[in-house]
Amino acid sequence: MAIRSIVKYGEPVLHAPSEPVKNIDGPIVALVNDMVETMYAAPGIGLAAPQIAVPLRVIVIDLSVGEDKGQLIRLLNPEFVEKEGEQTHEEGCLSVPGYGGSPVRPTRVTVKGLDLEGKERVYEGKDLLARAFCHEIDHIDGLLFVDRLSPLKRDLLKRKLKKRVRDQDWEIE
Ligand SMILES: [Zn+2]
């Protein structure tokens, strides 16, 4: 297992849809293990493969950040089965360090995908887990929380981020 480096806003891989996983082979298992380790090291509660520059539809989530192994979710080719309600909470992103925003998300989601054995898994998430699923599935669709803000907030934040990308300066003040 290895900790991979997390790419930042402005990297093309974060802004384009990722490809489905076709075969669950050794490299995919290794990718998922590295994603989990990278998420815990950050630390973060979720990570999507494009955040480590791999354009595949793979997400990992652990609201306990490794404290409770039962909470680790590893999902290949996740998709929504159902979404309901609305909630608005501040979100951050390991690929947009130092900034936050409050996109509108569903309060409850049902998500299905494949586990590492290729078996279908269905998860229900509400509140924070619903937001985490939405945030990570957005990543594999090439969207960041920034893209889901109101036009005014989005433009303001994008202007600030453009400067960060230009200066290649992601040190958090
Ligand atoms: Zn993110």
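My aim in this report is to walk through the structure given alongside it, one point at a time.

What counts as what
Residues numbered from 1 in each chain as written. Predicted model: local features only at pLDDT ≥ 70, side-chain atom pairs only at ≥ 80, totals over all residues. Heavy atoms only, no water. Helix = DSSP H or I, 4+ residues; strand = E, 2+ residues; numbered from the N terminus. Rg over C-alpha atoms; globule rule 2.2 N^0.38 Å. Buried < 20%, exposed > 50% of the residue type's maximum accessible area, 1.4 Å probe, protein only. Contact = heavy atoms within 4.5 Å. Areas by Shrake-Rupley, 256 points an atom, 1.4 Å probe, with all protein chains shown as cover. Lys, Arg positive; Asp, Glu negative; His and termini not counted. Charge placed at Lys NZ, Arg CZ, Asp CG, Glu CD. Donors = N, O, S within 2.8 Å, 3.2 Å for Na, K, Ca; no water. Salt bridge = Lys/Arg side-chain N within 4 Å of Asp/Glu carboxyl O. Phe/Tyr/Trp six-rings, centres within 6.5 Å; stacked < 30°, edge-to-face > 60°. Lys NZ or Arg CZ within 6 Å of the ring centre and 35° of its normal. Expected span 1.5 Å × (residues − 1). Arc of directions from axis to C-beta.

## Let's talk about the overall build of the protein chain
Point 1. The number of helices and strands found in the protein chain is three helices and seven strands.
Point 2. Counting from the amino terminus, the protein chain carries its helices and strands in the arrangement α-β-β-β-β-β-β-β-α-α.
Point 3. Taken over C-alpha atoms, the radius of gyration comes to 15 Å for the protein chain, in line with the 16 Å a tight globule of 173 residues would show.
Point 4. When each of the 173 residues of the protein chain is scored for burial, the buried share is 45%.
Point 5. Once local pairs closer than 6 in sequence are excluded, the contacts in the protein chain between residues at least 24 apart make up 63%.
Point 6. By element, 50% of the accessible surface of the protein chain is carried by carbon and sulfur atoms, the whole surface being about 9,200 Å².
Point 7. Measuring between centres, the 24 positive side-chain charges of the protein chain sit 5 Å from its 28 negative side-chain charges.

## A look at the coordination of the zinc ion
Point 1. With distances of 2.0 to 2.2 Å, the protein atoms coordinating the zinc ion are Cys93 (SG), His135 (NE2) and His139 (NE2).
Point 2. On the primary sequence, the residues serving as donors to the zinc ion are separated as C-x41-H-x3-H. Residue cysteine 93 is found in the loop between β4 (87–88) and β5 (104–105), and its partner histidine 135 is found in helix α2 (residues 128–140); the two are separated by 42 residues along the sequence.
Point 3. We classify histidine 135 as buried; its relative accessible area is 8%.

## Section: the pattern of salt bridges
Point 1. Under the counting rule described, the total for this entry stands at 11 salt bridges.
Point 2. One salt bridge connects aspartate 138 with arginine 148, and the closest N-O pair in it is separated by 2.6 Å. Remark: arginine 148 occurs in the loop between α2 and α3 (151–167) and aspartate 138 occurs in helix α2; sequence separation between them is 10 residues.
Point 3. Using a relative accessible area of 6% as the deciding quantity, one classes aspartate 138 as buried.
Point 4. For arginine 148, a relative accessible area of 41% gives the class partly exposed.
Point 5. Lysine 158 is paired through a salt bridge with aspartate 147; the nearest N and O atoms lie 3.2 Å apart. Of this pair, lysine 158 sits in helix α3 while aspartate 147 sits in the loop between α2 and α3; the two residues are 11 residues apart in sequence, bridging distant segments of the chain.
Point 6. Connected through shared salt-bridge partners, Glu91, Arg105, Asp138 and Arg148 make up one network.

## Observations concerning the packing of aromatic side chains
By convention here, two paired aromatic rings are described through the distance between centres and the angle between planes.
Point 1. Applying the stated criterion across every chain, the model contains one aromatic pair.
Point 2. Ring geometry for tyrosine 123 and phenylalanine 133: centres 6.1 Å apart, planes at 40°, overall tilted. Highlighted residues: tyrosine 123 in strand β7 (residues 120–126) and phenylalanine 133 in helix α2, separated in sequence by 10 residues.
Point 3. Using a relative accessible area of 0% as the deciding quantity, one classes phenylalanine 133 as buried.
Point 4. Over the ring of phenylalanine 80 we find lysine 83, and its NZ or CZ is 4.4 Å from the ring centre.

## A word on α3
Point 1. Across its 17 residues, α3 extends 24 Å between first and last C-alpha, which sits within 8% of the 24 Å expected from 1.5 Å per residue.
Point 2. Every buried residue of α3 is listed here: Leu157, Leu161 and Arg164. Along α3, the residues classed as buried sweep out an arc of 45° about the axis, all on the same side. Facing away from the buried side of α3 by more than 90 degrees, the exposed set consists of Pro151, Leu152, Arg159, Lys162 and Arg166.
Point 3. Remark: glutamine 168 follows α3 within two positions and exhibits a positive phi of approximately 50°.

Just geometry here; none of it tells us what the structure is for.
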